[in-house]
Amino acid sequence: MEMLSVRNLVTQFSIKAGQVKAVDGISFTLNEGETLGLVGESGCGKTTTALSIAGLLPSEGRVVSGEILLSGIDLLTLSQEELRKRRWKDISVIFQGAMNALNPVMKVGDQITEVIMLHDNKNYQEARKQVRELFSLVEIDPDRIDGYPHEFSGGMKQRVMIAMALACRPKIVIGDEPTTALDVMVQAQILNLLERLCRDIKMGLLLITHDLSVLGEIADKVAVMYAGKIVEMGSTEDILTQYRHPYTEKLVHSFPDIYGKREMVSSIPGDPPNLIDPPSGCRFHPRCSLATIRCRTEEPGYIDLGGGHITACHEIRGYEK
Amino acid sequence: MKSVMEASALHVHFKARGSFIQEIFSNHQKKVKAVDGVNIQIGEGEIFSLVGESGSGKTTVGKALLALEHKTSGSILFNGEEIPSGTGKSSRRFRQKAQMIFQDPYQSLNPRDIVLDIVGEPLVVNNLIKTSAEKRERVIEALGWAGLRPQEEYLYRLPHELSGGQRQRVAIAAALILNPQFIVADEPVSMLDVSIRADILRLMVEMRDRLGISYLFITHDLSLAWLISDRIAIMYLGKIMEIGSSELIVGSSLHPYTQALISVMPLPRVTKNKKRLILKGETPDPIDLPVGCRFNPRCPVVQDICRRQEPELAEVTPGHQVACHFPKKLLVGAP
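Everything quoted here is computed from the prediction, not taken from an experiment.

Each helix and strand counted, chain B has 10 helices and 12 strands in total. Rg of the C-alpha trace for chain B: 21 Å, near the compact-globule value of 20 Å for 335 residues, within the 12% margin. Considering only C-alpha atoms, chain B reaches an extent of 70 × 55 × 40 Å along its principal axes. Here chain B holds 335 residues, and the buried ones make up 52% of them. Restricting the contact set of chain B to residue pairs at least 6 apart, pairs at least 24 apart contribute 66%. Looking at chain B, you have 41 positive and 36 negative side-chain charges, and the mean spots of the two groups are 3 Å apart.

Another aspect to go through is the sheet that holds strand S5 (residues 81-82) of chain B. Within a sheet, adjacent strands bond to each other through the backbone by hydrogen bonds, running parallel or antiparallel. Residue and element names in this part refer to chain B. Here we have 4 strands laid out as an open sheet, ordered S2-S1-S4-S5, and antiparallel in their pairing. Two strands bound the open sheet, and with one partner strand each, they are strand S2 (31-43) and S5. Relative to strand S1 (residues 3-15), helix H2 (residues 58-65) is tilted by about 120 degrees, and along the sheet it contacts S1, S2 and strand S4 (73-78).

Turning next to the interface of chain A and chain B. Frequently, the measure chosen for interface size is the accessible area that the parts lose on association. Taken together, the 45 residues of chain A in the interface contact 42 residues of chain B. Between chain A and chain B lies a buried interface of about 4000 Å² when both sides are counted; carbon and sulfur atoms form 58% of it. Of all residues in chain A, the largest losses of buried area upon contact with chain B belong to Met185(A), Ile258(A) and Arg262(A), amounting jointly to 21% of the total for that side. Our enumeration of links across chain A and chain B arrives at 3 salt bridges. Between Arg269(B) and Asp257(A) there is a salt bridge whose closest N-O contact spans 2.7 Å. For the pair chain A and chain B, the interface holds 13 residue pairs in polar contact (both at pLDDT 80 or more).

Residues and elements named next belong to chain A. Once the domains are mapped, chain A shows domain 1 (2-90 + 170-268) and domain 2 (101-168). Taken over C-alpha atoms, the centre of domain 1 sits 26 Å from the centre of domain 2. At the junction of the two partners, domain 1 supplies 18 residues and domain 2 supplies 16 residues. Across the interface of domain 1 and domain 2, roughly 1500 Å² is buried in total on both sides, 68% from carbon and sulfur atoms. Contact with domain 2 buries area across many residues of domain 1, yet Trp 88, Lys 89 and Leu 193 alone supply 38% of it, more than any other trio. In this structure, the connection of domain 1 to domain 2 is made through 2 salt bridges. Of the charged contacts, one joins Glu 139 and Arg 196 as a salt bridge, the two residues approaching to 3.1 Å between their closest N and O atoms. Linking domain 1 with domain 2 are 6 residue pairs in polar contact (both at pLDDT 80 or more), by the criterion used here. Where the side of domain 1 that touches domain 2 is concerned, the elements lending two or more residues are helix H2 (80-86) and helix H6 (184-200).

A full pass over the atoms with the stated rule returns 7 aromatic pairs over all chains. Plain terms: the ring middles of Tyr226(A) and Phe284(A) are 5.1 Å apart, the flat faces sit at 80 degrees to each other, and that makes the pair edge-to-face. Placement of Tyr226(A) in strand S9 (residues 221-226) and of Phe284(A) in the loop between helix H9 (246-252) and helix H10 (293-297) is noted, with a sequence separation of 58 residues between them. The interplanar angle of 85 degrees and the centroid separation of 5.3 Å between the aromatic rings of Tyr236(B) and Phe295(B) together place this pair among those described as edge-to-face. Of the two residues, Tyr236(B) sits in strand S9 (residues 231-236) while Phe295(B) sits in the loop between helix H10 (256-264) and strand S11 (314-317), which places them 59 residues apart along the sequence. In this structure, Tyr236(B) and Phe295(B) share a single accessibility class: buried. Taken together, the ring pairs in this structure connect Tyr226(A), Tyr247(A) and Phe284(A) into an aromatic cluster.

Attention now moves to the sheet that holds strand S10 (residues 239-245) of chain B. Residues and elements named next belong to chain B. In spatial order, the strands read S6-S7-S8-S3-S9-S10-S12-S11; together these 8 strands make up an open sheet with mixed pairing. Each edge of the open sheet is held by one strand with a lone partner, namely strand S6 (98-101) and S11. Along the sheet, successive strands turn relative to each other by an average axial angle of 25 degrees, direction set aside. In the sheet, S6 pairs with strand S7 (residues 182-186) via 4 bridges, with the strands oriented parallel. The partner of Ile 101 across the bridge, within S7, is Ala 185. In this fold helix H3 (residues 89-97) packs onto S6 and S7, with an angle of close to 50 degrees to the strand it touches most, S6.

Moving on, we come to the pattern of salt bridges. A complete count under the given rule lists 34 salt bridges over all chains for this structure. Across the salt bridge formed by Arg7(A) and Glu67(A), the nearest N and O atoms sit 3.6 Å from each other. Taken together, the positions of Arg7(A) in strand S1 (residues 2-15) and Glu67(A) in strand S4 (residues 61-70) put the pair 60 residues apart, joining distant regions of the chain. What makes Arg7(A) partly exposed here is its relative accessible area of 38%. Taking relative accessible area as the criterion, Glu67(A) reaches 32% and is therefore assigned partly exposed. Across the pair Arg208(B) and Asp209(B) runs a salt bridge whose closest N-O atoms are separated by 2.9 Å. By relative accessible area, Arg208(B) is classed as buried at 16%. You can call Asp209(B) exposed: its relative accessible area is 55%. Here the salt bridges share partners, and the residues they tie into one network are Asp24(A), Lys229(A), Arg283(A) and Glu299(A).

Criteria and cut-off values
- Throughout, a residue's number is its position along its own chain's written sequence, starting from 1.
- Labels are handed out in written order, letters beginning with A for the chains and numbers beginning with 1 for the ligands.
- Per-residue local features of the predicted model are confined to residues with pLDDT of at least 70, and side-chain atom pairs are confined, for both listing and counting, to 80 or more; whole-chain, interface and lining totals are unaffected and use all residues.
- Excluded from the side-chain calculations are hydrogens and water; all other atoms, namely the structure's heavy atoms, are used.
- Elements are defined by DSSP. Helices are runs of H or I of four residues or more, strands are runs of E of two residues or more, and each kind is numbered from the N terminus.
- Throughout, the radius of gyration refers to the C-alpha atoms, and the reference size of a globule is 2.2 Å times the residue count to the power 0.38.
- Relative accessibility thresholds used throughout: buried, under 20% of the residue-type maximum; exposed, over 50%; partly exposed, between the two (1.4 Å probe, protein chains only).
- Residues count as neighbours in contact if any of their non-hydrogen atoms are within 4.5 Å of one another.
- Charge assignment: positive for Lys and Arg, negative for Asp and Glu; neither His nor the chain ends contribute.
- Charged groups are reduced to one reference atom each: NZ for lysine, CZ for arginine, CG for aspartic acid, CD for glutamic acid.
- Any two strands between which DSSP finds at least two bridges are classified as paired.
- Interaxial angle, 0 to 180 degrees, is taken between N-to-C directions of lines fitted to C-alpha atoms, where a helix line uses only the stretch in contact.
- A 1.4 Å probe defines the accessible area here, and the buried area is the portion of it lost by two parts on being joined, summed over both.
- Every case where a carboxyl oxygen of Asp or Glu lies within 4 Å of a side-chain nitrogen of Lys or Arg is listed as a salt bridge.
- N or O atoms closer than or at 3.5 Å make up a polar contact, with two conditions inside protein: a donor-capable atom paired with an acceptor-capable one, and, for residues adjacent in sequence, both atoms drawn from side chains.
- An automatic or database domain assignment supplies the start and end points of every domain.
- Between rings of Phe, Tyr and Trp, where Trp is taken as its six-membered ring, a pair exists when centres lie within 6.5 Å; planes separated by under 30 degrees are stacked, by over 60 edge-to-face, and by other angles tilted.

This is the structure we're talking about:
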């Protein structure tokens, strides 16, 4: 069942130097119990996408056009107050380094209890009972409900943040680099937990990351972003093994594969473009080894490769694997 | 192979700060055993990787090898001689030959200095140049090694005008300018975008091939260690658990901790149903180390003896050492 549908989203930031076109016309859908990975280099617009959906853009940022439909309701037409009521209940966000966002002088249990009391109209005792259940759900001993943040390790604090994100049973959770600051073993524990939650409570997860290899473990679908646009989208299998866009190819090959050949990973020459004045035609053309004159002048549209696999590239035919 | 850097029975302990009351009334000073008996030899032109999670003591080993951290006991030989401590003449000579590259190029460069001064500073500090023309010439040469070309374009830039990758190249140029023999690279690519990681790693390998530099490469990412290094040591709570060639560690590891690390490593493949050895909990507190094998509380195949007796690092096949009472393969086959 379709839960979240983003259509032609355009988000811009006004800064002194001009308008930054951080997100420039992206569309995707997220279904019940599904995990969609949004991947790209820093500055490609993935976090801006998350902030636009959650209605948490800073004051310089503005959604210029598009629709964000959650169960059929366009979030962009709601007032701040209506949106505030829906945050936590419909959509919640787990940020990167979120464990540092806990209030150090307040018991962790109380920080979650507060959210539940405010959004679910429950009294303290009821809310506390619910927090204990949430703790067991994210595999923290419920007896630690009265602990303070400094008594928890980084991984445990991240679990507390996940418990908080789940407090009002949201339909959708947006994870913005939720495991980036954690050790590999703790990362594996957290990914395992998120995967189980998607399955058991039918939560939709939008997972934003720079690390394509993490998505191989957890995502059902992957969208690759470059300079504010989705350049390729498909099942995780499509993106990791049947990629058709040259940028996706380079990205996949920049991760070493210990079960493959031991050869130097590839790098992508050049820097990501300036989004105040993005390159003409295909935005990737200045860094692309296959670029032609057409790529410099004409922006490529999406080509449907079947089974939900789409890509935006002129040179796709000269590029058989 | 001649060894350039050799540490034996290296211990680095820190005093643990308790509360004020505890400090006054307790007669037992608690210690954090950050490095607790490590032996490594790094050969000429070798890239040796030290892999572990945070708190394993890998950075402390790197700092101790450069005399940036006082060792509690043990010996560290550089070209067969004990490394000097303090600030004397011999210490200066040592520092010219052994350099460090830090993790964060956003913090390791002085934001008010231009590239020419950042890269040239080691020459000035060590009185190795007489004129500014000479400094300029040497800096241009080092920038060339680090792949910042055309060099003249970078000389007068400030760090904030450079991208993360370029900053790390500046840091590398500053480390290379004194023609070091040995470099400790502490997570040199973990702050960089994946698209430029490869360039920095390639540069390190190139410098080894051309100038014969030896490296201690410190990383949490086993796949990067596998990619560029000759040998890998896996550290856990201040001790080496397993040591061997890159192929051995990744392909035929025998320590349960190494195998768990490998099984949870993200891969650029679809691995949704991969068999994983996910360890419970987190690395325990290095102040109260477990009795016996320090990995025993999290070990999936723990036996009685592991809770009583600490296993020594022992050779299982030539060049492959494992610190485990029951070294064996736990998972079979690729995902």
